[in-house]
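Descriptive structure summary
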Amino acid sequence: MDFYKRVEYVCKQIPRGRAATYGQIALLCGMPSHSRQVGYALNKKIKSPDIPAHRIVNHKGYLSGSASFTYPDTQESLLKKEGIPVTPEHTIDLKKYAWRHTLDDAIRFRTYFAAHNL
DNA sequence: AGGATGACCGGAC
DNA sequence: GGTCCGGCCATCC
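Residues numbered from 1 in each chain as written. Chains lettered and ligands numbered in written order. Predicted model: local features only at pLDDT ≥ 70, side-chain atom pairs only at ≥ 80, totals over all residues. Heavy atoms only, no water.

What to know about the nonpolar core
One finds V7, V10, I25, V38 and L42 to be the most contacted residues of the largest nonpolar core, which totals 21 residues. Only α1 (3-11), α2 (22-28), α3 (35-45) and α6 (103-115) provide two or more residues apiece to this core. (Core = buried A, V, L, I, M, F, W, Y, C linked by side-chain atoms within 4.5 Å. Buried < 20%, exposed > 50% of the residue type's maximum accessible area, 1.4 Å probe, protein only. Helix = DSSP H or I, 4+ residues; strand = E, 2+ residues; numbered from the N terminus.)

Okay, here's the thing in structure tokens:
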């Protein structure tokens, strides 16, 4: 069971123009209480250009990871480029732009992890 | 070994 | 609705 590989896989499935929360990623990884480790993973373990890390925000919609991008406003511009407005307080409207994953999504991830020994 | 740290969360109020 | 607070847990030092 490789939690960080799971995080990497799930993050890549976040659709363009939508944002997910750390807790949501943790849940889809099968470890609902590991939201902090998701942040840790993005910051240290799986930093990579092919992971849409800018689409991950905290449960209030705040861009808590902005300081870890090359420039603090990198995350904001990436989001705006996808059509997600960012307020001056560095938050987005989760009511409108949250990724609403389905139960089928969750099941698909679970079977994928089982099949690939993650 | 054990206390501190962190891109966090949900419930209580 | 909003803010606060206790809980959370792998890593780091």
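There's more to say after this.
Focus on the packing of α1 against α6
Their axes nearest at 11 Å, the elements α1 and α6 cross at an angle of 135°. Classified by the angle between their axes, α1 and α6 sit oblique to one another. Crossing of α1 against α6: the hand is right-handed. Only F109, Y112 and F113 of α6 make contact with α1, whose side of the interface consists of R6, Y9 and V10. Class assignment of the residues belonging to the contact of α1 with α6 gives a composition of five nonpolar, no polar and one charged. (Axes fitted to C-alpha atoms, helices over the stretch in contact; angles between N-to-C directions. Parallel < 35°, antiparallel > 145°, perpendicular 65-115°, else oblique. Left-handed = near helix turned anticlockwise from the far one by under 90°. Contact = heavy atoms within 4.5 Å. Nonpolar A, V, L, I, M, F, W, Y, C, P; charged D, E, K, R; others polar.)

Purely spatial values, then, with no claim about function.
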